[in-house]
Amino acid sequence: MKLMIATIAAAGLATHSPLHAAGETTSKPNIILITADDLGMQLSCYGDPHIRTPHIDALAASGTRFKTAYVAQASCSPSRVSIFTGLYPHTHGHIGLAKPANPMLAKQFHEQTLPALLKASGYRSAIIGKLRWLGVTRPGLASDAFVSSVDILPTIVDAVGAEIPAHVQGRSLRKVGAGDNTGWRDTLAAEFHMHGEGLFFPIRALRDERHQIIHNLLAGKARTYVSVDGDTAPAVASAPRYNGTPAQAAMALLPNPPEWELYDLRTDPHQFQNLAYEAAHADTLRRMQHHLVNWRQETNDPFLNSETLAAKHAEVNNAKAATK
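Residues numbered from 1 in each chain as written. Predicted model: local features only at pLDDT ≥ 70, side-chain atom pairs only at ≥ 80, totals over all residues. Heavy atoms only, no water.

### A closer look at the overall build of the protein
Of the regular secondary structure elements, the protein holds 10 helices and 9 strands. Counting every position in the protein, which comprises 324 residues, the buried fraction comes to 48%. Within the protein, residue pairs in contact and separated by at least 24 positions form 66% of the contacts whose partners lie at least 6 positions apart. Per element, the accessible surface of the protein, about 16,300 Å² overall, is 54% carbon and sulfur. (Helix = DSSP H or I, 4+ residues; strand = E, 2+ residues; numbered from the N terminus. Buried < 20%, exposed > 50% of the residue type's maximum accessible area, 1.4 Å probe, protein only. Contact = heavy atoms within 4.5 Å. Areas by Shrake-Rupley, 256 points an atom, 1.4 Å probe, with all protein chains shown as cover.)

### What to know about the environment of S125
With respect to the helices, strands and loops of the structure, S125 is situated in strand β4 (residues 123-126). For the pair formed by S125 and P115, sequence separation is 10 residues and the distance between their alpha carbons is 6.3 Å.

### A short note on the side chain of R296
Structurally, R296 can be placed in helix α9 (residues 282-298). Of the polar contacts made by the side chain of R296, one reaches the side chain of D301; its length is 2.7 Å. Discounting chain neighbours no more than four positions away, the residues touching R296 are R204, H215, L217, D301, F303 and L304. (Polar contact = N/O pair within 3.5 Å; in protein donor to acceptor, adjacent residues only side chain to side chain.)

### Describing the side chain of R204
With respect to the secondary-structure elements, R204 resides in strand β7 (residues 203-207). R204 gets classed as buried once you look at its relative accessible area, which sits at 0%. A polar contact of 3.1 Å, which involves the side chain of R204, links it to the side chain of H193. A polar contact of 2.6 Å, which involves the side chain of R204, links it to the side chain of D301.

### So, the nonpolar core
Nonpolar side chains in soluble globular proteins tend to be buried together. Among the nonpolar cores identified, the biggest contains 17 residues, and M194, F200, L218 and L309 are the most heavily contacted of them. Those elements giving two or more residues to this core turn out to be β7 and α10 (306-322). (Core = buried A, V, L, I, M, F, W, Y, C linked by side-chain atoms within 4.5 Å.)

### Thoughts on the pairing of strand β6 (residues 188-192)
With 5 of its 5 residues buried, β6 lies for the most part within the structure. Covered by surrounding structure in β6 are L188, A190 and F192 together with A189 and E191, the residues of both alternating faces. Pairing of β6 with β7, which is carried by 5 bridges, proceeds in the antiparallel orientation. What sits directly across from A190, in β7, is A205. (Pairing = 2+ DSSP bridges.)

### Examining the confidence of the model for the protein
Within the protein, residue pLDDT values average 88, and 88% of them lie at 70 or more. Residue range residues 1-11 is modelled with pLDDT below 50. Its contacts to residues more than four positions away, or to other chains, number 63 contacts. Taken as a whole, residues 18-25 scores under 50 in pLDDT and shows 3 contacts with residues more than four places along the chain or in a different chain. (pLDDT = per-residue confidence, 0-100.)

### A word on the pairing of strand β3 (residues 64-70)
Counting buried positions over the 7 residues of β3 gives 5, a clear majority of the element. Sheet topology places β3 next to strand β5 (residues 141-148); 6 bridges connect them, and they run parallel. What sits directly across from A69, in β5, is V147.

### A look at the sheet that holds strand β9 (residues 260-264)
Strand order across the open sheet formed by 4 strands is β6-β7-β8-β9, with antiparallel pairing between neighbours. What marks the edges here is a single partner per strand, and that holds for β6 and β9. Across the sheet, the mean angle from the axis of one strand to that of its neighbour is 15°, orientation sign disregarded. (Axes fitted to C-alpha atoms, helices over the stretch in contact; angles between N-to-C directions.)

### Observations concerning α9
Look at α9: 24 Å from first C-alpha to last across 17 residues, which is about the 24 Å you get at 1.5 Å a residue. Three or more residues of α9 are buried, namely T284, L285, M288, Q289, L292, W295 and R296. The buried residues of α9 occupy an angular sector of 130° when projected down its axis, which confines them to one face. For α9, the exposed residues set more than 90 degrees away from the buried face come down to D283 and E298. (Expected span 1.5 Å × (residues − 1). Arc of directions from axis to C-beta.)

Pasting the structure below:
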């Protein structure tokens, strides 16, 4: 999912409470955060030639639109928790949908969410929806910076003049939102664990300007998702009319993907040709693996430990069985 600093979609409003002495004024902004459930690339400001979204386009034009922006995990609840904590799911612990058998937000972060941090800075929060940071982003800017949904919390906290907690893994977008990419990240990571209940298939992914690497941590050891939320693409791609096409070949790998995937985003933007096992790309594979491991170490990914990974796999399976 792409995101814009000017358009993110319907979550909440935070208004600054005037806790200062009588007669004093405050320059702290009101914050409106908007999130869109299941939003893809169907926005005309991102180049869709068929879908017209004039109001969102206007909102995007009034602030900074990021060309390369990823959610931390492409699943509803984990993604939202990352927005409200500034942490990747492998850290905050809410790795699947909010279901009884699934792991939830770790207790140590319950008082470190965005509403709690804003409250400490004199804000009151409510649930409604729309976002615009006047004076924080540059109107009309289309930024090439690599940004993530974990950057939303630190950006808002920074914008209201509060201190960003040391444990937060995202970074404030204020400088890049104004056009200054100095010292910004040159790789962008994301992950997946599970969506519904029972199917635990953790994935780690990272890209740079040209290549993307994907590590399927339990390849060959666990079942994965062939379809999510009734998506018919795998079934459609299996039809005879798609025989011999790259799309059909890619969909055929869904039930049992390889451990490593490597794609050249410049020549293969749809990621149909896996280069991970081609000798000519061995150096690129090692370089991207190095970047991926560095990110996992920097964010204290617990599943770098194979025993921890196996234990979580068993825990999720047992929890699912207990609910039957």
